[in-house]
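# A look at the structure
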Amino acid sequence: MASPSSLLSWPHRPISLSFQPKNPFSSASSPATARVSVQDAPPSDAKQSPKKSGKTRGLWVNPNSPRAADLARARAGSRRRARLAAAASALGACEPEEALVTAALEAAFPEPPSEQDAVIVLNTTAAKPATAVLALRWFLRNAKVRKKVILYNVALKALRKRRRWSDTEALCDEMLREGVQPDNATFTTVISCARACGLPNKAVEWFEKMPDFGCSPDMLTYSVVIDAYGRAGDTEMALGLYDRARGEEWQLDPVICATAIKLHSNSGNFDGALNVFEEMKAAGVKPNLVVYNTVLDAMGRAMRPWVVKTIHRELVNQKVLPNRATCCCLLQAYTRARYGEDAMAVYMMMKDEVMDIDVVLYNMLLSMCADIGYVDEAEKIFRDMKASMHARSKPDSWSYSSMVTLYACTGNVLGAEGILNEMVEAGFKPNIFILTSLTRCYGRAGSTDDVVRSFAMLDDLGITPDDRFCGCLLTVAASTPAEELDKVIGCIDRSNAQLGSVVKLLVDSAAPSEHLREAAGALLGSVRGVVKMPYCNCLMDLAANLNQMEKACALLDVALQLGIYTNVQTRTRTQWSLHLRGLSVGAALTTLHVWMSDLYTAVQGGEELPPLLGIHTGQGKNTYSSDRGLAAVFESHFKELDAPFHEAPDKAGWFLTTSVAAKHWLETKKSAELVAV
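Residues numbered from 1 in each chain as written. Predicted model: local features only at pLDDT ≥ 70, side-chain atom pairs only at ≥ 80, totals over all residues. Heavy atoms only, no water.

## Some details on the overall build of the protein
Across its full length, the protein carries 35 helices and seven strands. Among the 677 residues that make up the protein, the fraction classed as buried is 45%. Of the contacts formed within the protein by residues at least 6 apart in sequence, a portion of 64% connects residues at least 24 apart. Only carbon and sulfur atoms are counted for the fraction: they give 52% of the accessible area of the protein, which is about 34,600 Å². (Helix = DSSP H or I, 4+ residues; strand = E, 2+ residues; numbered from the N terminus. Buried < 20%, exposed > 50% of the residue type's maximum accessible area, 1.4 Å probe, protein only. Contact = heavy atoms within 4.5 Å. Areas by Shrake-Rupley, 256 points an atom, 1.4 Å probe, with all protein chains shown as cover.)

## Digging into the packing of aromatic side chains
This structure, assessed with the given rule, holds 17 aromatic pairs. With 6.2 Å between their ring centres and 0 degrees between their planes, Tyr-334 and Tyr-339 make a pair best called stacked. Residue class for Tyr-334 comes out buried when judged on its relative accessible area of 3%. Connected via pairs of aromatic rings, a cluster forms that spans Trp-595, Phe-634, Phe-638, Phe-645 and Phe-655. Stacked on the ring of Trp-206, the Lys or Arg Lys-209 has its end atom at 4.1 Å from the ring centre. Stacked on the ring of Trp-576, the Lys or Arg Arg-571 has its end atom at 3.7 Å from the ring centre. (Phe/Tyr/Trp six-rings, centres within 6.5 Å; stacked < 30°, edge-to-face > 60°. Lys NZ or Arg CZ within 6 Å of the ring centre and 35° of its normal.)

## As for the sheet that holds strand β7 (residues 654-658)
What the five strands build is an open sheet, ordered β3-β4-β5-β7-β6; its pairing is mixed. Each of the sheet's edge strands pairs with one partner strand only, and the pair in question is β3 (569-571) and β6 (646-647). Here five bridges tie strand β4 (residues 575-579) to strand β5 (residues 612-616), and the two strands are oriented parallel to one another. Of the residues in β5, the one forming a bridge with Leu-578 is Ile-615. Contacts between helix α32 (residues 585-604) and the sheet are confined to β3, β4 and β5, with β4 contributing the most and set at about 160 degrees to the helix. Docked against the sheet, helix α33 (residues 630-641) engages β5, β6 and β7, running at close to 30 degrees with respect to β7. (Pairing = 2+ DSSP bridges. Axes fitted to C-alpha atoms, helices over the stretch in contact; angles between N-to-C directions.)

## Considering the layout of surface pockets
The space that makes up the second largest pocket amounts to roughly 250 Å³. Looking at the second largest pocket, it is lined by 14 residues, and the ones nearest its centre are Val-354, Met-355, Ile-357, Tyr-362 and His-390. Looking at which element gives the most residues to the lining of the second largest pocket, the answer is helix α19 (residues 340-352), with three residues. Here the lining of the second largest pocket is built from residues that sort into seven nonpolar, three polar and four charged. (1 Å grid on protein atoms, 1.4 Å probe; cavity = no way out; pocket = protein on both sides within 12 Å on 5 of 7 lines; lining within 4 Å. Points joined across faces, edges and corners; volume = space filled by probe spheres on them. Nonpolar A, V, L, I, M, F, W, Y, C, P; charged D, E, K, R; others polar.)

## Topic: the pattern of salt bridges
One pass over the full model with this rule turns up 25 salt bridges. For Arg-137, the salt bridge identified is with Glu-174, shortest N-O distance 2.8 Å. Placement of Arg-137 in helix α7 (residues 129-142) and of Glu-174 in helix α9 (residues 165-177) is noted, with a sequence separation of 37 residues between them. Overall, the relative accessible area of 32% leaves Arg-137 in the partly exposed class. A salt bridge links Arg-517 to Glu-514, with the nearest nitrogen and oxygen atoms 3.4 Å apart. You can see Arg-517 and its partner Glu-514 sitting in helix α29 (residues 513-526), three residues apart, about one turn around the helix. Judged by relative accessible area, Arg-517 falls into the partly exposed class, the value being 25%. (Salt bridge = Lys/Arg side-chain N within 4 Å of Asp/Glu carboxyl O.)

## Here's the deal with helix α17 (residues 305-317)
Between its first and last C-alpha atoms α17 spans 18 Å; for 13 residues at 1.5 Å apiece the expected length is 18 Å, and the two agree. All buried positions along α17 are accounted for by Pro-305, Val-307, Val-308, Ile-311, His-312, Glu-314 and Leu-315. (Expected span 1.5 Å × (residues − 1).)

## A word on the side chain of Asn-537
With respect to the helices, strands and loops of the structure, Asn-537 is situated in helix α30 (residues 529-545). Only 2.7 Å separates the side chain of Asn-537 from the side chain of Tyr-565, close enough to count as a polar contact. Not counting the four nearest positions on each side in its chain, Asn-537 is found in contact with Tyr-565, Gly-582, Leu-583, Ser-584 and Ala-587. (Polar contact = N/O pair within 3.5 Å; in protein donor to acceptor, adjacent residues only side chain to side chain.)

## So, the packing of helix α18 (residues 324-336) against helix α20 (residues 359-372)
The geometry of α18 relative to α20 is characterised by a closest axis approach of 10 Å and an angle of 25 degrees between their N-to-C directions. Relative to α20, the element α18 lies roughly parallel. Classified by chirality, the crossing of α20 by α18 is left-handed. On α20, the residues touching Arg-324, Cys-328, Leu-331, Gln-332, Tyr-334 and Thr-335 of α18 are Leu-361, Met-364, Leu-365 and Met-368. Of the residues in the contact of α18 with α20, the class split is seven nonpolar, two polar and one charged. (Parallel < 35°, antiparallel > 145°, perpendicular 65-115°, else oblique. Left-handed = near helix turned anticlockwise from the far one by under 90°.)

## Observations concerning unusual backbone geometry
Although it is not a glycine, Arg-163 adopts a positive phi angle of roughly 55 degrees. Among the structural elements, Arg-163 can be located in the loop between α8 (148-161) and α9. Within the chain, Arg-338 stands out as a residue other than glycine whose phi angle is a positive 60 degrees. Here Arg-338 is to be found in the loop between α18 and α19.

## Regarding the pairing of β4
Among the five residues in β4, four count as buried, and that is most of the element. Note: β3 against β4, three bridges, orientation antiparallel. By the bridge assignment, Arg-571 is partnered in β4 with Trp-576. What sits between the antiparallel neighbours β3 and β4 is a turn of three residues. Tracing the backbone out of β4, into α32 and back to the parallel element β5 gives a crossover that is right-handed. (Right-handed = clockwise from strand over helix to strand, strands pointing away.)

## A few points about the packing of helix α28 (residues 497-507) against α30
A pair of packed helices is characterised by two quantities: the angle between their axes and the separation of those axes. Between α28 and α30, the shortest axis-to-axis distance is 10 Å and the interhelical angle comes to 25 degrees. Comparing the axis directions of α28 and α30 gives the class roughly parallel. For the pair α28 and α30, the crossing hand works out as right-handed. For the pair α28 and α30, contact is made by Leu-499, Val-502, Val-503, Leu-506 and Val-507 and by Tyr-535, Leu-539, Leu-542 and Ala-543, respectively. Partitioning the contact of α28 with α30 into residue classes produces nine nonpolar, no polar and no charged.

## Observations concerning the environment of Val-633
Within the fold, Val-633 resides in helix α33. Between the C-alpha atom of Val-633 and that of Ala-588, which follows or precedes it by 45 residues, the distance is 10.0 Å.

## Here we look at helix α26 (residues 467-478)
For α26, spanning twelve residues, the distance from its first C-alpha to its last is 17 Å, which sits close to the expected 16 Å at 1.5 Å a residue. Buried residues dominate α26, accounting for ten of its twelve residues. Of all the positions in α26, only Asp-467, Phe-469, Cys-470, Gly-471, Cys-472, Leu-473, Leu-474, Val-476, Ala-477 and Ala-478 are classed as buried.

## Brief notes about the side chain of Thr-294
Mapped onto the elements of the fold, Thr-294 is located in helix α16 (residues 289-301). Thr-294 sits in the buried class, given a relative accessible area of 17%. Excluding residues within four positions of it along the chain, Thr-294 makes contact with Ala-258, Ile-261 and Lys-262.

## Some points on the confidence of the model for the protein
When pLDDT drops low, the exact placement of atoms in the prediction is not to be read closely. For the protein, the average pLDDT comes to 84, and 86% of its residues sit at 70 or higher. Contacts from residues 1-41, a stretch scored under 50 in pLDDT, to residues over four places away or in other chains number 49 contacts. Confidence over residues 44-56 falls short of pLDDT 50; this stretch has nine contacts with residues more than four positions distant or in other chains. (pLDDT = per-residue confidence, 0-100.)

Dropping the structure here:
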């Protein structure tokens, strides 16, 4: 029979573990110190109390129990973590010199480290790429490495994080010299590093090397290189890769879709950008915030605010939280399209969310308000700018210019002058845009002397009048009383002598129309295209106000010959039409006079008129006027002429009549009566 002592002789492994309490200071205050052993048998006095057994208390763990294995692994893992932490700390503290790095790693790893140890340490040194490269070389020499490319990839990621392209390229060359074959992760890291460093051509170069090493790009590589091709200017290749990725039935992701949308947008193919957005949703890819921001920016640039509104509603319904970039895209789209209510709603949302609004965004809002007559909103925005604590949100010269334009268009002279004074006090000098708006404001108010005074400010500030300023003077001249017209003509003549001579020929009733025709042709043939039509409109307004219809017709003939006015008349088998949209009142009335004269000539010559005659004035109106613009003028004018043209109820901006009514009216009128406009 076995003795009691032999029954306690359990088989055991030659392992000894000492258990230390979690609190390193507990042993000092505890009357007993715990000792755990999976080798020694329980002591005979194990049942004695700590007071009787002294200061040491032994705890024995069965070596065959799972708890013993767990304790062993915990102890080993703790030692490993301490060793890796010490290595990382030592590398972080030392300078990027080979001797120092070698000493730090040898102290941390008295035995050869594993590949996993090397990866962990290299990852922790990503903030110091030069040190990471030196550590890489030590690990390659001393660690138990199965795949060297893994360590190279970790070091390359450290270089990418710090955007060290020259070091990245040098390390790649070193890897190839050592006979290490790059893998997909290598190429993806190098390509993305080149893109991050602003070197798209290098990214493309490394992408094209992939087949030489037997590597096939995955979707991550595709998304990086598609953007790289786009940045390199090779949009065709980039979109070709996108189509190839779709053709190979890769799972599209938001990154590559956002890149494709951006490429289409940058090339002006806004339909293509929208198609990619719809395709990704049809393929089951859920757009993220980056995709939404990219497509919103594209549709804003395409001047499609209605699409922007639809996508914005979708973003809200999908519970995607917009950020500042989203609001910037929305503001740009709505302010460009002059969607006042939507733009102001976005602005208020940005204020409620305490988002950063810089002077660029503020100026877009002010410009929109000036164009659509949002006086109260503009004043509130301007107050917000001045009250802002950030220097980047304070008003600049463009902000003041928009406010002067706003007050000028409403004829608020005191408001415009007040903003001008504020601007000067803030240290800004008035520019040509502000003086142009101020001159227009004085002209609207009928203050000719102030127009002359604002013109004199150009000389004081050393500013040369440009075409737009001269056009503004022409606009003022068209509405100036005859007795004060010489003052404005003097300003025009000093601004542009050639334009001044044309105006003088127009005003002088004794000057032949042929002389005016020649001078106007030379002038309009030499000015920039953007001011040709405004000049024509203003000159014909002036001629109409002076009852110089013959000279107005001469100006119209010059404009038609130079192609300034196009498609004014159209003829089909069923309708002859006159298109006046975009013309000033004087130009439109002059064109109407010529058209009616042509109709009279056709009737007198026995020519058959089509069943319908139409005049298109458009339905737009002056933003700062309560009337209906050109349509209202023509409605009143037709009543004066007793003409049979009536506004079409189903076609806004159109005045229509039948050939029978028109022919009867023309036959009852004398040619002289048609001249009176």
